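Here is what each chain is made of, one letter per residue.
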Amino acid sequence: MTAWRSELAVPCLLFLACCALYAVNLDIPPDFDELYHVLAARGFAETGRYAIADGIYERGWPLTRVIAALFGLLGDDVWIARLPSLLCVASTVTLLYVWLRREAGNRAALIAVLLFAVSPFSLDIAHFARFYAFHGLAFLLGSICIYDLVTHPAAPRVRLIRGVIASAAFAAAIMFQITTLIGLAALGAWLVLQLVGPWLLSRNVPRGRRLAFIILTVVLLGLAIAAAGSTGMLAKLLGMYRSTPLWSADNADNAAYYHAWMILYYPTLWSLLPILLVGALSARPQTGFFLFVMTGVGLVLHSFAGSKSLRYVYYIMPFLFALWGIGLASILSAIVRFAREQTGTLFARLYPAHPKGILGLIVLFLSGAWIVAANAASVRSLLMLANVTIPPELPPTRWDLAKPVLAPLIRAADVVVVTSELDALYFLGDYDVLVSRSRLDERPGSDTPQFSVDPRTGRPIISTAEALAQVMACHRTGIVITSIYRWRHAPMLDNDVADMIVRSAKPVLLPQASRVMAYTWRHEPTADRSACSGPSASSETPAGAREEARKSW
């Protein structure tokens with residue numbers, strides 16, 4: 001019983017420490033994508049459907065359902081919506097520790113999880129009310145079960161349980177993120193190498209048999225690819241793999257995207273990866289090889305995919321940090337011993353009368369502090385906890401500072417046009433038309449017409465100056481609301497639309513610190529009523545006019 005409690009104590013303390021760490025600044029203003037779940041959770045509580053305005057948002061609905069339940073229990077606040085992510089990231093750290101302690105020892109496990117727990121990846125996802133935390137936990141759990149299934153002999157019942165858990169975990173992961181297929185490709189590569197590799201490398205297997213196996217494998221793979229190509233499945237998969245929304249198109253062909261971020265965050269560990277890999281493979285060959293394949297194949301495939309974001313590879317990071325942990329644990333004693341010997345020799349020459357041991361420890365401490373400070377991830381994590389932004393990160397839009405000025409203008413307007421629909425719904429209460437070339441491009445079809453309805457909100461989307469001119473021509477009064485980040489930003493509100501707004505509307509004086517921009521117009525409608533998809537300027541009540549517009553645009 002005492003041993004069992006000892007084994008359980010460290011994971012429990014680790015989990016609680018992570019929860020306490022991630023609770024710091026949990027109530028910062030919401031990110032745009034978080035509002036999909038926050039608003040849908042509100043809609044579910046009110047209507048029983050995952051409703052946002054007049055639309056439905058069902059992606060990641062289990063998370064939305066959990067958030068709705070938490071809102072009912074604890075109140076409606078953004079920090080409450082982040083609790084599931086916080087708990088999932090803390091659970092991921094704890095699971096990684098328990099598994100790695102068993103596979104590589106306590107020192108490697110502690111190094112890995114301490115680095116991972118305080119990394120910008122974990123802090124970001126723990127503070128993000130989105131499905132990435134669920135996805136990361138599910139994928140890690142499924143991968144560990146498959147690893148154990150292959151490498152740890154067990155009774156049939158235990159093997160069956162592992163298989164069922166892995167299947168359920170991967171099914172949940174795929175439901176949250178289709179990029180799980182990339183992770184499964186990495187897992188599949190490891191399975192093939194783990195199961196077939198020893199046989200191919202064995203000297204007891206005749207060369208001819210090995211060659212025949214390789215040829216047969218290549219032929220079967222070629223036939224599978226040909227079949228997938230003839231049915232159109234291959235083109236569909238490649239299209240999904242390379243598809244890129246307009247807002248992230250700049251990095252679609254940037255294969256060095258993740259490499260650049262890792263060099264920025266972890267220049268020491270990333271540049272020493274080959275040495276740490278050798279150390280990990282020497283100390284724990286089986287576990288090190290598993291982690292290497294999962295990390296290497298996963299990051300390479302993500303690097304050549306179209307859409308890229310650090311959040312997309314969060315589920316790969318536990319494997320990378322585990323690899324670093326084993327590698328560092330294998331060479332740490334040698335590094336410390338070398339440093340102490342060299343500093344002892346140095347101080348013996350410079351300060352023969354002073355104790356060498358204390359001076360050596362001071363040098364080791366300062367050296368370690370320097371390495372921590374020299375890696376930008378440490379600074380980034382501290383700034384995230386302090387809610388401080390530095391370039392290239394941009395300060396958030398302060399809708400709360402702009403709302404007192406915008407609220408009466410919105411109430412008086414016949415139509416409200418925005419470039420950030422979820423922010424408008426969450427902070428300002430409502431909107432009618434969205435201006436966003438990127439959002440319109442996400443609609444199915446190669447040539448989506450203006451005023452197509454976004455099914456997530458049930459509101460129309462436009463992207464051209466001509467379409468906005470039509471909206472202005474059909475309404476006596478209106479307001480366009482955007483932020484400095486979307487103003488003259490081609491995927492959202494481009495130069496042509498901005499120029500038309502400047503010519504046709506009057507700027508609203510807003511606090512500069514809000515980073516919000518707005519323009520209003522008031523004129524007699526110039527378009528014939530039959531040419532308008534919404535109400536004309538003759539509508540008596542702005543609120544009523546806007547309600548009619550939402551039904552008819």
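Each value, and the rule that gives it
- Note on numbering: residues in each chain are counted from 1, in written sequence order.
- Note on the predicted model: pLDDT of at least 70 is required for a residue's local features to be given, and 80 or more for side-chain atom pairs to be given and counted; whole-chain, interface and lining totals, by contrast, use all residues.
- To obtain the side-chain values, all non-hydrogen atoms of the structure were used and water was disregarded.
- In DSSP terms, a helix is any run of H or I states spanning at least four residues, a strand is any run of E spanning at least two, and both are numbered starting from the N terminus.
- When a residue's accessible area, from a 1.4 Å probe over protein chains only, is under 20% of the maximum for its type it is buried; when over 50% it is exposed; and in between it is partly exposed.
- Any two residues whose heavy atoms approach within 4.5 Å at even a single point are treated as in contact.
- Accessibility throughout is a Shrake-Rupley quantity obtained with a 1.4 Å probe, and a residue counts as covered only by protein chains that appear here.
- What makes two strands pair is DSSP finding at least two bridges between them.
- Each polar contact in these results corresponds to two N or O atoms within 3.5 Å; when the atoms are within protein, one needs to be able to donate a hydrogen and the other to accept it, and residues that are neighboring in sequence are counted only if both atoms are side-chain atoms.
- Residues belong to one nonpolar core when they are buried, are Ala, Val, Leu, Ile, Met, Phe, Trp, Tyr or Cys, and are joined through side-chain atoms within 4.5 Å.
- Every residue carries a pLDDT, the predictor's confidence in it, which falls somewhere between 0 and 100.
- Whenever Lys or Arg places a side-chain nitrogen within 4 Å of a carboxyl oxygen from Asp or Glu, that contact is recorded as a salt bridge.
- In this analysis, axes come from line fits to C-alpha atoms, helices being fitted only over the stretch in contact, and the angle between any two N-to-C directions falls in the range 0 to 180 degrees.
- Reported orientations rely on four angle classes, namely roughly parallel under 35 degrees, roughly antiparallel over 145, roughly perpendicular from 65 to 115, and oblique for the rest.
- Polar here means any residue other than Ala, Val, Leu, Ile, Met, Phe, Trp, Tyr, Cys and Pro, which are nonpolar, and Asp, Glu, Lys and Arg, which are charged; Gly is therefore polar.
- Stacked, tilted and edge-to-face pairs are distinguished by plane angle, under 30 degrees for stacked and over 60 for edge-to-face with tilted covering the rest, among Phe, Tyr and Trp rings (Trp via its six-membered ring) whose centres lie within 6.5 Å.
- Here, the arc refers to the directions that run from the helix axis to the C-beta atoms.

Asks: Is there a simple way to think about the overall build of the protein in this case?
Replies: Within the protein one finds 25 helices and nine strands. Principal-axis analysis of the C-alpha atoms gives the protein an extent of 85 × 70 × 45 Å. Out of the 553 residues belonging to the protein, those deemed buried represent 46%. Of all intrachain contacts in the protein linking residues separated by at least 6 positions in sequence, the fraction that spans at least 24 positions is 73%. Total accessible area on the protein is roughly 26,800 Å²; 66% of this is exposed by carbon and sulfur atoms.

Asks: Just checking my understanding: could you explain the sheet that holds strand 9 (residues 516-522) for this structure?
Replies: Across a sheet, strands are paired by hydrogen bonds formed along the backbone, either parallel or antiparallel in direction. If you trace the seven strands from one edge of the open sheet to the other, you get 5-6-4-3-7-9-8, paired in mixed fashion. Two strands close off the open sheet at either side, each with one partner strand: strand 5 (452-454) and strand 8 (506-507). Where strand 5 and strand 6 (residues 459-462) come together, three bridges link them in antiparallel fashion. Counterpart to S452 in the pairing with strand 6 is I461.

Asks: I would appreciate a short explanation of the pairing of strand 9 in the present structure.
Replies: Put simply, side chains in a regular strand alternate between the two faces of the sheet. Within strand 9, five of the seven residues are buried, leaving the element largely enclosed by the surrounding structure. Bridging between strand 7 (residues 477-483) and strand 9 involves seven bridges; their strand directions are antiparallel. By the bridge assignment, S483 is partnered in strand 9 with V516. Pairing geometry for strand 8 and strand 9, over two bridges, is antiparallel. Looking across to strand 9, one finds that K506 is bridged to T520.

Asks: Is there a simple way to explain the side chain of D432 in this structure?
Replies: Turning to its location among the elements, D432 is positioned in the loop between helix 21 (421-428) and strand 4 (433-435). A distance of 2.8 Å separates a polar atom in the side chain of D432 from the backbone nitrogen of V416.

Asks: For this particular structure, what's the right way to read the nonpolar core?
Replies: One recurring pattern in soluble globular proteins: nonpolar side chains tend to sit buried together. Within the largest apolar cluster, 120 residues are counted, with the highest numbers of intra-cluster contacts made by Y22, F121, Y266, F290, W324, L406 and I481. Of the residues forming this core, the biggest block, 11 residues, is contributed by helix 5 (residues 83-104). Among the nonpolar cores identified, the runner-up in size contains 22 residues, and V480, A498, I501 and M517 belong to it.

Asks: Any chance you could explain the confidence of the model for the protein here in plain terms?
Replies: Predicted coordinates in regions of low pLDDT should not be interpreted in detail. On average, the protein scores 87 in pLDDT, and the residues at 70 or more come to 90%. At the low end of the mean pLDDT range in the protein sits helix 25 (residues 542-552), at 46; at the high end sits helix 5, at 97.

Asks: Looking at this model, I keep getting lost on the pattern of salt bridges. Mind explaining?
Replies: When charged atoms on two side chains of opposite charge get close, those side chains can pair. Under the counting rule described, the total for this entry stands at 12 salt bridges. Between R82 and E34 there is a salt bridge; the shortest N-O distance is 2.8 Å. One end of the pair, R82, is in the loop between helix 4 (78-81) and helix 5; the other, E34, is in helix 2 (residues 34-47), and 48 residues separate them in sequence. For the pair R82 and E34, a shared accessibility class is recorded, and that class is buried. A salt bridge links D76 to R42, with the shortest nitrogen-to-oxygen separation between them at 2.7 Å. Here the residue D76 occupies a position in the loop between helix 3 (61-74) and helix 4, and R42 occupies one in helix 2, the gap between them amounting to 34 residues. Given a relative accessible area of 25%, R42 falls into the partly exposed group. Each member of the salt-bridge network shares a partner with another, and the members are D54, D430 and R459.

Asks: Is there a simple way to explain the packing of helix 15 (residues 273-283) against helix 16 (residues 285-304) in this structure?
Replies: Packing of helix 15 against helix 16 leaves a shortest axis separation of 5 Å and a crossing angle of 140 degrees. On the basis of the axis angle, helix 15 is oblique to helix 16. Contacts from L277, A280, L281, S282 and A283 of helix 15 reach helix 16 at P285, G288, F289 and F292. For the contact of helix 15 with helix 16, the residue count by class is seven nonpolar, two polar and no charged.

Asks: Even after reading the chapter, I still don't get the packing of aromatic side chains, so can you show me in this structure?
Replies: The description of an aromatic ring pair uses the distance of the two centres, along with the angle that the planes make with each other. For the coordinates displayed, the defined rule picks out 30 aromatic pairs. On the numbers, 6.5 Å between centres and 35 degrees between planes, the contact of Y50 with W61 is tilted. Note that Y50 is positioned in the loop between helix 2 and strand 1 (51-52) and W61 in helix 3, a separation of 11 residues in sequence. Centre to centre, the rings of W190 and F290 are 4.9 Å apart; their planes meet at 75 degrees, and the pair counts as edge-to-face. With W190 in helix 10 (residues 180-201) and F290 in helix 16, the pair connects residues that are 100 residues apart, well separated along the chain. As far as the burial class goes, W190 and F290 line up, both buried.

Asks: Help me out: how do you make sense of the side chain of T151 in this one?
Replies: Inspection of the secondary structure assignment puts T151 in helix 8 (residues 132-151). With a relative accessible area of 13%, T151 lands in the buried category. A distance of 2.6 Å separates a polar side-chain atom of T151 from the backbone oxygen of Y147. Discounting chain neighbours no more than four positions away, the residues touching T151 are W190, Q194 and Q286.

Asks: What should I look at first to understand helix 13 (residues 257-265) in this one?
Replies: Every α-helix winds through 3.6 residues per turn, so residues three or four apart in the chain are directed the same way. Along helix 13, the positions that sit buried rather than exposed are Y257, Y258, M262 and Y265. Take helix 13 and look down its axis: the buried residues cluster within an arc of 125 degrees, on one side only.

Asks: When you look at the pairing of strand 7 in this model, what are you seeing that I'm missing?
Replies: Most of strand 7 sits inside the fold, with seven of its seven residues counted as buried. The sheet contact formed by strand 3 (residues 415-418) and strand 7 spans four bridges and is parallel. In the strand pairing of strand 7, V417 is matched with V480.

Asks: Is there a simple way to think about helix 15 in this case?
Replies: Among the residues making up helix 15, those that are buried are L273, L276, L277, G279 and A280. Mapping the buried residues of helix 15 onto a view down its axis gives an arc of 165 degrees, with all of them on the same face. Residues of helix 15 that are exposed and angled more than 90 degrees away from the buried face: P274, I275, V278 and S282.

Asks: Can you walk me through the environment of Y22 in this structure?
Replies: Within the secondary structure layout, Y22 lies in helix 1 (residues 2-22). Between the C-alpha atoms of Y22 and D441, which are 419 residues apart in sequence, the distance is 36 Å. The contact partners of Y22, leaving out residues within four places of it in the chain, are L86, V89, A90, V93, A117, S122, L123, A126 and H127. A polar contact is formed between the side chain of Y22 and the backbone oxygen of A117, at a distance of 2.8 Å.

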